[in-house]
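One letter stands for each residue in the lines below.
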Amino acid sequence: MSASSLFNEGMPDRLIRVIVGIIVIALVFVGPKTPWGWLGLVPFITGLVGWCPAYTLLGIRTCPLRKS
């Protein structure tokens, strides 16, 4: 398994996930103060790591392939 196969999210996808994750996590502290905001950790962490398990299952890849 090569290092490039560990990533399946492109930079725009990762940036959107981190922003959405932060916004949803903020629901724990401001606004309705609901514990459902902790679900924002999922897009936040997958955005930071660059790998999404759901993308792997569905065969989706937004990360451009690197040429060897």
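Fair warning: this is a prediction, and the values are worked out from it, not measured in the lab.

**Q** How do you make sense of the overall build of the chain when you look at a structure like this?
**A** Scanning the chain from terminus to terminus reveals three helices and zero strands. A burial count over the chain gives 29% of its 68 residues as buried.

**Q** In this structure, what is going on with the UniProt feature "transmembrane region" (unreviewed entry) in the chain? I would like to understand it.
**A** UniProt's feature table lists "transmembrane region" (unreviewed entry) at residues 15-32 and 38-58, given in the numbering used throughout. Here residues 15-32 is 83% helix and 0% strand, with 25 Å between the C-alpha atoms at its ends.

**Q** Where do I start with the packing of helix α1 (residues 11-29) against helix α2 (residues 41-49) in this structure?
**A** The relative placement of two packed helices is expressed as an angle between their axes plus a distance between the axes. It is at 7 Å that the axes of α1 and α2 come closest, and there the two elements cross at 150°. It follows that α1 is roughly antiparallel to α2 by the angle criterion. Crossing angle aside, the handedness with which α1 passes α2 is left-handed. Packed against α1, whose contacting residues are R14, R17, V18, G21, I22 and I25, the element α2 presents L41, P43, F44, T46, G47, L48 and V49 at the interface. Its residues placed into classes, the contact of α1 with α2 shows eight nonpolar, three polar and two charged.

**Q** What should I look at first to understand the packing of aromatic side chains in this one?
**A** Any two aromatic rings considered together are summarised by their centre-to-centre distance and by the angle between their planes. Per the stated rule, a full pass over the model turns up one aromatic pair. Ring centres 5.8 Å apart and planes at 85° place the aromatic pair F29 and W38 in the edge-to-face group. The exposure class of F29 is exposed, given its relative accessible area of 53%. For R17, the ring lying beneath its charged end belongs to Y55, and the centroid distance is 4.8 Å.

**Q** Just to check I follow, could you spell out the pattern of salt bridges for this structure?
**A** Oppositely charged side chains can pair when the atoms bearing their charge come close. Under the criterion given, the structure shown has two salt bridges. The shortest N-O distance in the salt bridge between E9 and R17 comes to 3.2 Å. Comparing E9 with R17 shows no difference in burial state: the two are buried. The partner of D13 in a salt bridge is R17, and the shortest N-O contact between them spans 3.2 Å.

**Q** What should I look at first to understand the side chain of R17 in this one?
**A** Tracing the sequence through the fold places R17 in helix α1. A distance of 3.2 Å separates the side chain of R17 from the side chain of E9, its partner in a polar contact. In contact with R17, not counting residues within four places along its chain, are E9, P43, F44, T46, G47, C52 and Y55.

The rules behind each value
- Along each chain, the written sequence defines residue order, and numbers are assigned to residues from 1.
- Residues qualify for local features only when their pLDDT is at least 70, as the model is predicted, and side-chain atom pairs are given and counted only at 80 or more; totals for whole chains, interfaces and linings, by contrast, use all residues.
- Heavy atoms from the whole structure form the basis of all side-chain values; hydrogens and water molecules are not counted.
- A helix here means a DSSP run of H or I that spans at least four residues, while a strand means a run of E at least two residues long, and both kinds are numbered starting from the N terminus.
- Per-residue accessibility, obtained with a 1.4 Å probe over protein chains only, is compared with the maximum for each type, and a residue is labelled buried under 20%, exposed over 50%, and partly exposed between these values.
- UniProt positions are given in the numbering used here, feature names are shortened, and annotations may be inferred rather than shown by experiment.
- The convention used is that axes are lines fitted to C-alpha atoms, helices contributing only their stretch in contact, and that angles between N-to-C directions extend from 0 to 180 degrees.
- Between 65 and 115 degrees an angle is taken as roughly perpendicular, under 35 as roughly parallel, over 145 as roughly antiparallel, and anywhere else as oblique.
- Less than a right angle of anticlockwise turn of the near helix away from the far helix marks a crossing as left-handed, whereas a clockwise turn marks it as right-handed.
- Two residues qualify as a contact provided that any one of their heavy atoms is within 4.5 Å of a heavy atom in the partner residue.
- When residue character is reported, Ala, Val, Leu, Ile, Met, Phe, Trp, Tyr, Cys and Pro are called nonpolar, Asp, Glu, Lys and Arg charged, and the others, Gly included, polar.
- By convention, a stacked pair of Phe, Tyr or Trp rings (six-membered ring in the case of Trp) has centres within 6.5 Å and planes under 30 degrees apart, an edge-to-face pair has planes over 60 apart, and any other such pair is tilted.
- By definition here, charges over rings are those cases where NZ of Lys or CZ of Arg is within 6 Å of the ring centre and within 35 degrees of the ring normal.
- We count a salt bridge whenever a side-chain nitrogen from Lys or Arg sits within 4 Å of a carboxyl oxygen from Asp or Glu.
- A 3.5 Å cut-off defines polar contacts: any pair of N or O atoms within that distance qualifies, except that in protein one atom must be a possible hydrogen donor and the other a possible acceptor, and neighbouring residues in sequence count only when both atoms are side-chain atoms.

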